[in-house]
Amino acid sequence: MGKGDKKTKRGKINRGTFGARRPRIKKKPSVETKISIDKKAIAK
């Protein structure tokens, strides 16, 4: 149980992998991309 353990969070960090213990953090789309002023201006 530690850095060499594949099933623990610390082991996942050490190996640089992801899984159930350490899921990938998905980036939230920024407010600027949702409400794009440039796109609305072109559409009209």
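What counts, and at which threshold
Along each chain, residue indices are assigned from 1 in the same order as the chain's sequence is written. Only residues with pLDDT of at least 70 are given local features in this predicted model, and only at 80 or more are side-chain atom pairs given and counted; all residues enter the totals for whole chains, interfaces and linings. The basis for every side-chain value is the complete set of heavy atoms in the structure, and neither hydrogens nor water enter the calculation. UniProt positions are given in the numbering used here, feature names are shortened, and annotations may be inferred rather than shown by experiment. By definition, any uninterrupted DSSP run of H or I lasting at least four residues is a helix, any uninterrupted run of E lasting at least two residues is a strand, and each is numbered from the N terminus. Remark: exposure states derive from per-residue accessible area (1.4 Å probe, protein chains only) relative to the maximum for the residue type, with buried under 20%, exposed over 50%, and partly exposed in between. Where accessible areas are quoted, they stem from the Shrake-Rupley method and a 1.4 Å probe; at the residue level, only the protein chains shown are allowed to cover. The contact definition used throughout considers only heavy atoms, calling two residues in contact when any of these lie within 4.5 Å. Polar contacts here mean pairs of N or O atoms no more than 3.5 Å apart (in protein, one a potential hydrogen donor and the other a potential acceptor; neighbouring residues in sequence count only if both atoms are side-chain atoms).

- Taking an unreviewed UniProt entry as the reference, the protein is identified by name as 30S ribosomal protein THX belonging to Mariniflexile aquimaris.
- In its Sequence similarities (unreviewed entry) section, the UniProt record describing the protein reads: "Belongs to the bacterial ribosomal protein bTHX family."

So, the overall build of the protein
Thought 1: Scanning the protein for helices and strands turns up three helices and zero strands.
Thought 2: Its helices and strands in sequence order give the protein the pattern α-α-α, from N to C terminus.
Thought 3: Taken across its 44 residues, the protein has 11% of its residues classed as buried.
Thought 4: Taken as a whole, the protein presents about 4,700 Å² of accessible surface, with 56% of it coming from carbon and sulfur.

A few points about the environment of R22
Thought 1: Position of R22 among the secondary structure elements: in the loop between helix 1 (9-15) and helix 2 (31-34).
Thought 2: Taking the C-alpha atoms as reference points, R22 and K9, separated by 13 residues in sequence, lie 5.8 Å from one another.
Thought 3: Each residue touching R22, except ones within four places of it in the same chain, is listed here: K9, K12, I13, G16 and T17.
Thought 4: At 3.0 Å, the side chain of R22 and the backbone oxygen of T17 are in polar contact.

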